[in-house]
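Each chain, letter by letter, is given below.
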Amino acid sequence: MPPRASKRKTAPPNSSSVTSSDGRSVFSKTKTKGLGKIDRLFNSYANSSSGEIDPDGIVALCSDLGVDHTDVRILMLAWKLKAAKQGFFTQDEWRTGMKALRVDSLSKLKKVLPELEIEVGKPSNYEDFYAYAFRYCLTEEKQKSLDIESICELLNLVLGAQFRPQVDSLIEYLKVQSDYKVINLDQWKNFLRFVQEISFPDLENYDSGLAWPLILDNFIADFIRTLREP
Amino acid sequence: MSNQKKRNFQIEAFKHRVVVDPKYAERTWKIIEHAIHEIYNHNASGLSFEELYRNAYNMVLHKFGDKLYFGLVTTMSAHLKEISKSIEVAQGALFLEELNRKWNDHNKALQMIRDILMYMDRTYIPNTRKTPVHELGLNLWRDNIIHSGKIQSRLLSTLLELVHKERTGDVIDRGLMRNIIKMLMDLGSSVYQEDFEKPFLEAEIRLNEEIERVAHYLDAKSEAKITNVVEKEMIANHMTRLVHMENSGLVNMLLDDKYEDLGKMYNLFKRVPNGLSMIRDVMISHLRETGKQLVTDVESSKDPVEFVQRLLDERDKYDKIICQAFSNSKTFQNALNSSFEYFINLNSRSPEFISLFVDDKLRKGLKGVTEEDVEIILDKVMMLFRYLREKDVFEKYYKQHLAKRLLSGKTVFDDPERSLIVKLKTECGYQFTSKLEGMFTDMKTSEDTMQGFYANHPELADGPTLVVQVLTTGSWPTQPTVTCNLPTEMETLCEKFRSHYLGTHTGRRLSWQTNMGTADIKATFGKGQKHELNVSTYQMCVLMLFNNSDMLSYKEIEQATEIPASDLKRCLQSMACVKGKNVLRKEPMSKDIGTDDAFFVNEKFTSKFYKVKIGTVVAQKESEPEKLETRQRVEEDRKPQIEAAIVRIMKSRRVLDHNNVIAEVTKQLQSRFMANPTEIKKRIESLIEREFLERDSADRKLYRYLA
């Protein structure tokens, strides 16, 4: 099979040629020139028939960036691009995202990833990113919740590095409990709140009067039970 | 903390803070130990009793009761050893004064410590059979002070010396003397372990004696003083012992309905502070205990009518005691009510049983009883109803049982039926009874409908009589619609009715509930015996088949009637296997119905009655699976009610914190049922998911209403 990347490279840059031919100001020319590079980068991964970067394209992009496609940084990239659909980047998302990152080449993109990680880590962004991670995984129309297995993977991905013990206990609980088959956004958001606010493993400041979702009350009760009877 | 104080409602299960820190116990004990030091050093004013109580409470709750208890023993003993030294060094006359002062200090300290450790006193100590704090404090005083070698003999000789001095005319400090003697009395319980009646009567006689003495030769003002002293000496100091006396204490008086003794005790204890509350507390705990045994007893649960009767008897008993012996005191009445409320709800079947009791009474029990007596019984039942936390469960069963009563045509007791509905309505409001009333309306309307039907069809006068009850869906208990094949003559009649009814009521749908009907049929047996058989619709369908056949196999019957197998078996069993009602006989003869059995008309059937009642739909205690099913339906019905309450509250309050939502929802619903806090939480989460509510982004306790 001929490599897809080469096929993409031969694809004609679609809109940039039209805009550059109408004799605009220098400023707009440089802008379109920038866009041109961004678009070319997009096109080298996009599926020519759908005009989007699809899962295959993302795998290719990841391998060129030297990052695993399940790496949290790819999720961060999707957040930055405000990607609406899991596994796809549209051209609009790509353009606004790359402009915001000030990136128009693969090497620059590679370089900017650590900065992106810092940006996401800011408290003002983190909550948004965390909620985004949940919504990003909703693939069906009107889907409002995620199954336990996906939630566990997602917890691992977004909170695992920073809150290892909590995430391990929580995942362990989620997998054995039978009250919930799916998790909704509210419960998901409260998981973050829990790991950020509650001292662990002594749970000293856990107070169920603070309106925690029931699933966390249950988790706490179970956690204490296992502590008491090892 | 101020925040917590504001809450007017707390749910126990959620209140416990989570403690897993192993150093927690040590840390908390240090706080309490420090407090005990402060109390003995007269520094108690700086202590927060509320906080200390909570700490002690938490220690017990988290199973550190041992640590708390033995910590107390050690700390208190250490203090008493110090005290002992300071008494020993007191010289001459100061000795008794110092002893008395320290005794008073110790009593005050003991009181405070007992208050702090109240929870330990109530739960941990009885459970582990340890000595209660107050008694422990007295014992430690006895062992460390009175029995201390340097004090014991000196005390004895000092006292004897003083008695001698007085006898020889010296003036002594009588007050001090009395205090010390009283201390010995308090400590030496062995001296005072006599029968109950003696100190009891003694107290009463002494009181009267003193009052008499005043009347005779002392200044009138002294009466109050003397009475006071005597009261204190004779009653207050013996109360606990009197109440808990084995074989003759308060509990035995309650058990044996000793109105006179109880009245005496009430009047005596009334004189001293806390006297009545002590009686009340003992009554409550005894009542709760016996009530609990009553409702959780497996035997008594077997017969619902008996179960409820015993509850009513128990209530009558205590009502009478309070009336006769406790001067019908309001607080005692309240104690009675709260005790009943406590134990009646320990058995989840209480609502069902109370409804069955009513059913039994309205079916047969009230025959030959005057209208006033009926009212009295119903009022008593309402009293029990008021104690129920799950009134909606009662409603569910009541509806089922009422439906069976109405449909079985046994509405002889129309007046008490309606009277009870009025009572329920007054108690719980229109909503509660609207469906029940709808059922009565349906019955009345059906009567008119049938008259209209037969007026329209005079040609039907000769055939079988059809009585149709048109039941409004929703008002009646939901029943799965199971149709069976009716005998042709009935089928035609039903069709005629259908077109008559739908002709006058457009847009309605009729479906036949053949599983709920009854039939009266005339039968002639082998030797010409004639009987009128009162059977269910199913049984009628089966019997009519024998007009055309002498013998039918089970399978033939099943095929012809299409009655569901379980119902068919039950209905055949009641006609072929019950002596006195066996209008059919089967081959082979056995108690159970097999699918290969053959059935015949029992030509030899005899009964001394002309009318034979075979199939009746009587309300019965539900089986376990039925009970679970009802339970599930109740739970399902509660969900929208809880959600509606949350939305109502949030709509008016816009923003409200979690605990207040729980409290207000509970309050709004408590006239129907006790909403489970966990369920309320689930409903809140569901409303968040459906975007009726959201969590406040800053304050985690708050919910916001989304318009």
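Residues numbered from 1 in each chain as written. Chains lettered and ligands numbered in written order. Predicted model: local features only at pLDDT ≥ 70, side-chain atom pairs only at ≥ 80, totals over all residues. Heavy atoms only, no water.

Of the regular secondary structure elements, chain A holds 12 helices and two strands. Reading the helices (α) and strands (β) of chain A from amino to carboxyl end gives α-α-α-α-α-α-α-α-β-α-α-β-α-α. Considering chain A as a whole, with its 230 residues, one finds that 47% of them fall into the buried category. Across chain A, contacts joining residues at least 24 apart in sequence account for 63% of those joining residues at least 6 apart. (Helix = DSSP H or I, 4+ residues; strand = E, 2+ residues; numbered from the N terminus. Buried < 20%, exposed > 50% of the residue type's maximum accessible area, 1.4 Å probe, protein only. Contact = heavy atoms within 4.5 Å.)

On to the interface of chain A and chain B, then. Counting from both sides, the interface comprises 24 residues of chain A and, opposite them, 19 residues of chain B. Interface area for chain A against chain B, summed over the two sides, is near 2,100 Å², with a carbon-plus-sulfur share of 48%. Of all residues in chain A, Glu-204, Ala-211 and Leu-214 of chain A give up the largest surface area on contact with chain B, accounting jointly for 25% of the area buried on that side. For the interface between chain A and chain B, the tally reads four salt bridges. A salt bridge links Glu-197 of chain A to Arg-700 of chain B; the nearest nitrogen and oxygen atoms lie 3.1 Å apart. Summed over the shared surface of chain A and chain B, the number is eight residue pairs in polar contact (both at pLDDT 80 or more). When contributions to the side of chain A that touches chain B are tallied by element, the ones reaching two or more residues are α11 (185–197) and α12 (214–228) of chain A. The biggest single contributor to the side of chain A that touches chain B is α12 of chain A, with six residues. Within the side of chain A that touches chain B, the residues separate by chemical class into 11 nonpolar, five polar and eight charged. (Buried area = accessible area lost by both parts, 1.4 Å probe. Salt bridge = Lys/Arg side-chain N within 4 Å of Asp/Glu carboxyl O. Polar contact = N/O pair within 3.5 Å; in protein donor to acceptor, adjacent residues only side chain to side chain. Nonpolar A, V, L, I, M, F, W, Y, C, P; charged D, E, K, R; others polar.)

Turning our attention to the nonpolar core. One finds Trp-94, Leu-155, Leu-174, Phe-191 and Phe-194 of chain A to be the most contacted residues of the largest nonpolar core, which totals 71 residues. Two domains each put at least three residues into this core: domain 1 (27–121) and domain 2 (135–228) of chain A. In contact with Phe-191 of chain A, not counting residues within four places along its chain, are Tyr-130, Ile-151, Leu-155, Leu-170, Leu-174, Ile-183, Ile-215 and Leu-216 of chain A. With 67 residues, the next largest nonpolar core counts Leu-287, Ile-354, Leu-420 and Ile-421 of chain B among its residues. (Core = buried A, V, L, I, M, F, W, Y, C linked by side-chain atoms within 4.5 Å. Domains from an automatic or database assignment.)

Counting all residues, the mean pLDDT for chain A is 81, and 84% of those residues have values of 70 or more. For the stretch residues 1–31 of chain A, pLDDT sits under 50, and the model shows 20 contacts to residues farther than four places along the chain or on other chains. (pLDDT = per-residue confidence, 0-100.)

For helix α21 (residues 391–407) of chain B, built from 17 residues, the straight-helix expectation of 24 Å at 1.5 Å per residue is met to within 8% by its first-to-last C-alpha distance of 24 Å. For α21 of chain B, the buried fraction is high: 16 of the 17 residues fall into the buried class. (Expected span 1.5 Å × (residues − 1).)

Below, the discussion takes up the side chain of His-457 of chain B. All names here are of chain B. If you trace the backbone, His-457 turns up in the loop between α23 (430–456) and α24 (488–504). Judged by its relative accessible area of 18%, His-457 is buried. Once you skip the residues sitting within four places of it in the chain, His-457 turns out to touch Lys-496 and His-500.

The next thing to look at is the packing of aromatic side chains. The description of two aromatic rings rests on the distance between their centres and on the angle between their planes. Applying the stated criterion to the full structure yields 34 aromatic pairs over all chains. Each ring, one from Tyr-126 of chain A and one from Phe-129 of chain A, has its centre 5.9 Å from the other, and the planes form 55 degrees; the classification is tilted. Of this pair, Tyr-126 of chain A and Phe-129 of chain A both sit in helix α8 (residues 123–136), three residues apart, which is roughly one turn of the helix. This pair shows no difference in class: Tyr-126 of chain A is buried, exactly as Phe-129 of chain A is. Looking at Lys-391 of chain B, its charged tip hangs above the ring of Phe-385 of chain B, at a distance of 5.7 Å from the centre. Lying across the ring of Phe-600 of chain B, Arg-585 of chain B places its NZ or CZ 4.3 Å from the centre. (Phe/Tyr/Trp six-rings, centres within 6.5 Å; stacked < 30°, edge-to-face > 60°. Lys NZ or Arg CZ within 6 Å of the ring centre and 35° of its normal.)

With that settled, consider the sheet that holds strand β2 (residues 530–536) of chain B. Residues and elements named next belong to chain B. Strand order in the open sheet formed by three strands is β1-β2-β6, with mixed pairing between adjacent strands. Each having just a single partner strand, β1 (518–524) and β6 (611–613) make up the two edges of the open sheet. Strand-to-strand twist in this sheet, taken as the mean axis angle between neighbours without regard to direction, amounts to 25 degrees. In this structure, β1 lies alongside β2, joined through seven bridges in antiparallel fashion. (Pairing = 2+ DSSP bridges. Axes fitted to C-alpha atoms, helices over the stretch in contact; angles between N-to-C directions.)

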